[in-house]
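Topology and contacts: notes
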Amino acid sequence: MQILPARAKKAHGVSLSIVPIFLLVLCIMGSMALVANRAAMRQQAFELDREKRQLTQSLGFEAESLLAAVARDEGLGELFQVQRSRETLERLLAALNRRQATDYAILIAKSDGHLLAEAGETETFSRRSAFMRRLVDSARMRGLDTTTIGIGREARVLQDGQGAFALATMPIGRSIILAVTRPIGAGALRRFSTMLAIPNLRLVGGEAPTETSIAVPGLAGEPVMSLVWMPSRAAAETLTDLAIFGLSASIGIAIVALVLFRRMRASTEALLMREAKASHEARHDPLSGLPNRAVFCDTLAENIEDLPNRDSSIAVLLLDLDKFKDVNDIYGHAAGDKVIVDFGNRVRALLRQTDMIARLGGDEFAVMQTGIRSHGETTWLAQAIIDAANRPFVMDGATMQIGVTIGISFAPDDGLEIAAILRAADTALYRAKNEGRNRFALYEHRMTESERIRKLVDDELRGAIDRDELTLVYQPQVHAENGRIASVEALVRWRHPSYGLISPATFISAAEERGLIVPLGQWVMRRACLDAARWPGLRVGVNVSAIQFRQQNFVRDVARTIEEAALEPGRLELELTEGVLVEDADQAEAAMVELRSIGVKLALDDFGTGYSSLIYLRRFAFDKIKIDKSFLDSMEATGESAILVHSVVHLGRALGLEVTAEGVETEEQRRFLQAVGCHFLQGYLFSKPVSADAIDEMLRAEAEADRGTTPPLSAA
Ligand code: C2E
Ligand code: CA
Ligand code: CA
């Protein structure tokens, strides 16, 4: 049975199921990255916007304060009217622009047309007062009239195409002091930079095209320069950090997941292997490795389902090894095991791919042959199996010989249900065994009634004892001279739930064969003794099978049963047949002596049917002989039997034995038997075997007859 590949498929399925999980994780991480990226972009834009706003504000503030001052400056127009000064101023501005460190320049235009100039760096406009003081000082030093020098109004933003400058003008006497500062000089940039936390703030000429710049407006508000800077990359950096973290975390998680997954898959695979192994073990016989009954039945069911589609049939062969018990007993269980395994292999070698052999248990096997078109294919196989079984099995130099008996049934011919097909094969097997084993038999629909019942006994008798399906009936033995009941014989019956009352004639021998006679006999003995307790003074005959009698514990069992039922031993009469005496006469004799010592009575049953050896009568201490019904039957036909019966009765009497005649059916028989001196009579003429209650009734009737009211039981 190929079970493992299916399991492996399952393992593959497990590994596939991890893929969607990975994809899901990937999706989640991807969308998280997208969201983070968008957030970072937004943050970046927001930052840039903030930087621009703040710079513009700061710039605006500076410019405004300058412009406000310019607006209040009255001496401005004057300056611009001095053309010469203007040119000079422009040269100066150009120089300033080349010298980045210069934030201011002071130009003193003297009335005599001379210009004095100074340039330098200032931190802020607010320090300009100090700067002005220095300016005044330097003017003084140069012999200017400083008294009129004051800190004048400043300033305005000038544009020279390259830079923006604040211009302050101060009249000093007849001279005019022009003070020029770079409004957004290095100091302002540093200030903005630290105040607004914007790194790399630079001033470039003209309009910068990048978005990380703002225009510095000139006098008319037109852009003259641009402030450029490195935009804040905090969000991007965070994103990068996040990305690095996410990536390494992902790699870590992936590694851990991979390790876990591999472990999981390994353990899943191990589990599946174990499961497959367990399932295989549950479905196969551990010794032979063959499929077991469950698998056989499952496969049979599948094949039956397929049947209607094909014009072929299925054969089921039930195999039962012959003499297998001997192999076990003589050569030991190891040898028995080897025979089982070898036999399985031999049969398997005979089968086609589509056929199947299963071990049902013990020495029983089943073979299924599918797609057969003629019974010949099956009988050929059956014979081949028998031949294979008959070839010797060799182990450790010992040669073992067995055989096999085979019962065959077919689907759909013998049924379409597993139970019916198996039952039919089993019935055929039963017949093959009865026909002498080491052969095969096909199921025939019309098995004989007795075969059916014998099989039933095989299958169900043990359960019947446990289920209390057995019951006893009693047949009276009457005094020959007056017809009064002297004793009763207990006869067992099987009340089968579906077959009704089954006669012991059909199941006693089967019970003996199957080793069921001992529990059955014990049950009968117990029941009979208990019933007998109801009939004081009456003897109860109980039939004892030879097998039962030969049991080691038989005498002890009888003694205990009597004791438990509180029955006087003399009221129990065991009916033994000659079979009891034939096999081990000494042991039988010993048991009989023992039984008699307890006080139990012994009757020789069916006298005249077996060896009818008079020796038995002399050697064994019987109390009674029961002349078999067959004597009476033939007595009617020939006069000879009458003489024989006569002499047997005489003989019995001469040996001091009681004599009972069985099967008395007619008045003539009764009269004859009475005439020849028979003590007791038993037969349908007086009563058929009846229930214990009916015996009660008979005894009551007798008692009443004694009082003279009702006639006695017998016809006499
Ligand atoms: P058996 O011991 O010879 O029992 C007498 C059989 O003859 C009984 O059959 C009985 O019903 C039948 N019989 C009695 N009178 C007449 C008659 O007038 N005409 C005819 N045709 N038959 C009569 P049953 O009860 O079917 O028993 C058959 C045999 O089964 C018994 O033969 C006995 O050997 C065996 N048997 C019955 N009960 C037990 C039992 O509890 N233990 C054992 N070991 N064997 C039993
Ligand atoms: Ca009997
Ligand atoms: Ca008998």
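Presented here is an overview of the structure given in this document. Sequence order as written defines residue numbering, which begins from 1 separately in each chain. All chains are assigned letters beginning at A, and all ligands numbers beginning at 1, according to the order in which they are written. At least 70 in pLDDT is required for a residue's local features to be given in this predicted model, at least 80 for side-chain atom pairs to be given and counted, and no such filter applies to totals for whole chains, interfaces and linings, which use all residues. With hydrogens and water stripped out, all remaining heavy atoms of the structure feed into the side-chain values.

Focus: the packing of helix H7 (residues 293-306) against helix H11 (residues 418-434)
- In contact at an axis separation of 10 Å, H7 and H11 are set at 110 degrees when each is read in the N-to-C sense. What the angle tells us is that H7 and H11 run roughly perpendicular. Two packed elements cross with a definite hand, and for H7 against H11 that hand is right-handed. Contact residues: Phe296, Cys297, Leu300, Ala301 and Ile304 in H7; Ile418, Ile421 and Leu422 in H11.
- The classification used treats Ala, Val, Leu, Ile, Met, Phe, Trp, Tyr, Cys and Pro as nonpolar, Asp, Glu, Lys and Arg as charged, and all other residues, Gly among them, as polar. Here the contact of H7 with H11 is composed, by residue class, of 8 nonpolar, no polar and no charged. As a rule, the C-alpha atoms of each element are fitted with a line to give its axis, helices using only the stretch in contact, and angles between N-to-C directions run from 0 to 180 degrees. A run of H or I in DSSP becomes a helix once it reaches four residues, and a run of E becomes a strand once it reaches two; helices and strands are each numbered from the N terminus. Working rule for angles: under 35 degrees goes down as roughly parallel, over 145 as roughly antiparallel, 65 to 115 as roughly perpendicular, anything else as oblique. Left-handed describes a crossing whose near helix is turned anticlockwise from the far helix by less than a right angle; the clockwise case is right-handed. Contacts were defined at the residue level, with two residues in contact if any of their heavy atoms lie within 4.5 Å.

Let's talk about helix H22 (residues 667-675)
- Type-normalised accessible area, obtained with a 1.4 Å probe on protein chains alone, sets the label of each residue: buried when under 20%, exposed when over 50%, and partly exposed for intermediate values. Within the sequence span of H22, burial applies to Gln669, Arg670 and Leu673. Looking down the long axis of H22, one finds its buried residues gathered within 100 degrees of arc, a one-sided arrangement. Exposed side of H22, more than 90 degrees from the buried face: Glu668 and Ala675 are the residues found there. To obtain the arc, one takes the directions from the helix axis to the C-beta atoms.

Observations regarding the pattern of salt bridges
- When a carboxyl oxygen of Asp or Glu lies within 4 Å of a side-chain nitrogen of Lys or Arg, that pair is called a salt bridge. For the coordinates displayed, the defined rule picks out 33 salt bridges.
- In this structure, the salt-bridge partner of aspartate 696 is arginine 534, at a minimum N-O distance of 2.5 Å. Taken together, the positions of aspartate 696 in helix H23 (residues 692-706) and arginine 534 in the loop between helix H14 (517-532) and strand E19 (539-543) put the pair 162 residues apart, joining distant regions of the chain.
- Its relative accessible area of 22% is what places aspartate 696 among the partly exposed residues.
- Close ionic contact of arginine 619 with glutamate 589 constitutes a salt bridge, the shortest N to O distance being 3.0 Å. You can see arginine 619 sitting in helix H19 (residues 614-619) and its partner glutamate 589 sitting in helix H18 (residues 585-598), a full 30 residues away along the chain.
- Among the residues examined, arginine 619 registers a relative accessible area of 36% and is labelled partly exposed.
- Judged by its relative accessible area of 26%, glutamate 589 is partly exposed.
- When salt bridges with common partners are traced through the structure, they connect Arg527, Asp531, Arg534, Asp693 and Asp696 into a single cluster.

What about the coordination of the calcium ion (ligand 3)?
- Only nitrogen, oxygen and sulfur atoms qualify as donors, and only when within 2.8 Å of the metal (3.2 Å in the case of Na, K and Ca); with water excluded, sites may look incomplete. For the calcium ion (ligand 3), every protein donor is listed as Asp605 (OD), Asp606 (OD), Glu662 (OE) and Glu662 (OE), and the spread of their distances is 2.1 to 2.5 Å.
- Between the calcium ion (ligand 3) and the calcium ion (ligand 2) the interatomic distance comes to 3.8 Å, and aspartate 605 is a ligand of both metals. One end of the pair, aspartate 605, is in strand E21 (residues 601-607); the other, glutamate 662, is in the loop between strand E23 (658-661) and H22, with 57 residues separating them in the sequence.
- What makes aspartate 605 buried here is its relative accessible area of 7%.
- On the basis of relative accessibility, which here comes to 11%, the residue glutamate 662 falls in the buried class.

As for the coordination of the calcium ion (ligand 2)
- Here the calcium ion (ligand 2) is held by Glu489 (OE), Asn543 (OD1), Glu575 (OE) and Asp605 (OD), and the distances to it run 2.1 to 2.3 Å.
- If you list the donors of the calcium ion (ligand 2) from N- to C-terminus, the spacing comes out as E-x53-N-x31-E-x29-D.

Here's the deal with the environment of arginine 534
- Classification of arginine 534 by relative accessible area gives partly exposed; the value is 38%.
- The sequence separation of arginine 534 and alanine 692 amounts to 158 residues, and the corresponding C-alpha distance is 9.1 Å.
- Setting aside residues no more than four positions away along its own chain, arginine 534 makes contact with Ala692, Asp693 and Asp696.
- A polar atom in the side chain of arginine 534 sits 2.9 Å from the side chain of aspartate 693. Any N or O atom pair separated by 3.5 Å or less is treated as a polar contact, with the protein-specific requirement of one donor-capable and one acceptor-capable atom, and with residues adjacent in sequence counted only for side-chain atom pairs.

A short note on the nonpolar core
- Buried Ala, Val, Leu, Ile, Met, Phe, Trp, Tyr and Cys residues form a nonpolar core when they are joined through side-chain atoms within 4.5 Å. Counting residues in hydrophobic clusters, the biggest one holds 82 residues, and the most contacted among them are Leu461, Tyr474, Phe549, Leu572 and Leu574.
- When sequence neighbours within four positions are dropped, the list of residues in contact with leucine 572 reads Met525, Cys529, Val540, Val542, Val558, Ile562, Leu567, Val600 and Lys601.
- Core analysis: the next-biggest nonpolar cluster, separate from the first, contains 30 residues, Phe324, Ile357, Met400 and Val404 among them.

Looking at the side chain of threonine 660
- With respect to the helices, strands and loops of the structure, threonine 660 is situated in strand E23.
- Within the structure, the side chain of threonine 660 is placed 3.3 Å from the side chain of glutamine 477, a separation counted as a polar contact.

Brief notes about the site of ligand 1
- Taken together, 21 residues lie around ligand 1, and Gln475, Asn543, Lys629, Glu665 and Tyr684 are the ones closest in.
- Aspartate 606 places a polar side-chain atom, nitrogen or oxygen, 3.2 Å from an oxygen atom of ligand 1.
- Between ligand 1 and the protein, one listed contact pairs an oxygen atom with a backbone N or O atom of tyrosine 684 at 2.8 Å.
- Considered on its own, ligand 1 offers 790 Å² of accessible surface; in the complex 81% of this is hidden by protein.
- Looking at the shell around ligand 1, the element that brings in the most residues is strand E17 (residues 485-496), giving 4 residues.
- Here the shell around ligand 1 is built from residues that sort into 8 nonpolar, 6 polar and 7 charged. For this description, a residue counts as near a given molecule or strand if any of its non-hydrogen atoms is within 4 Å of it. In short, Shrake-Rupley with a 1.4 Å probe defines the accessible areas, and a residue's cover is counted only from the protein chains shown.

Remarks on a nonpolar patch on the surface
- To count toward a patch, a residue needs a relative accessible area above 30% and no salt bridge. Like charges then connect within 9 Å, nonpolar side chains (Val, Leu, Ile, Met, Phe, Trp, Tyr) within 5 Å. Residues Leu247, Ile251, Ile255 and Val259 make up a contiguous nonpolar surface patch of about 380 Å² in total accessible area.
- Relative to the helices and strands, isoleucine 251 resides in helix H6 (residues 234-283).
- Assessed through its relative accessible area of 46%, isoleucine 251 is described here as partly exposed.

Remarks on the side chain of aspartate 414
- For aspartate 414, the position within the fold is in the loop between strand E14 (403-411) and H11.
- There is no salt bridge for the buried aspartate 414, and the closest opposite charge comes from arginine 431, which lies 11 Å off by N-O distance.
- Not counting the four nearest positions on each side in its chain, aspartate 414 is found in contact with Ser409, Ala420, Ala424, Tyr443 and His445. For the charge count, each Lys or Arg is scored as positive and each Asp or Glu as negative, with His and the chain ends excluded.

So, the packing of H14 against helix H16 (residues 554-565)
- The geometry of H14 relative to H16 is characterised by a closest axis approach of 9 Å and an angle of 30 degrees between their N-to-C directions. In terms of orientation, H14 lies roughly parallel with respect to H16. The hand of the H14/H16 crossing is right-handed. Residues Gln522, Met525, Arg526, Cys529 and Leu530 of H14 form the contact with H16, whose participating residues are Phe554, Asp557, Val558, Thr561, Glu564 and Ala565.
- Residues of the contact of H14 with H16, tallied by class, amount to 6 nonpolar, 2 polar and 3 charged.

Some words on unusual backbone geometry
- Between alanine 411 and the following residue, proline 412, the backbone shows a cis peptide bond with an omega angle of 5 degrees.
- With respect to the helices, strands and loops of the structure, proline 412 is situated in the loop between E14 and H11.
- The phi torsion at aspartate 468 lies on the positive side, around 65 degrees, for a residue other than glycine.
- Position of aspartate 468 among the secondary structure elements: in the loop between helix H12 (449-466) and strand E16 (470-479).
- Using a relative accessible area of 55% as the deciding quantity, one classes aspartate 468 as exposed.
- If you check the backbone angles, alanine 566 has positive phi at about 55 degrees while not being a glycine.

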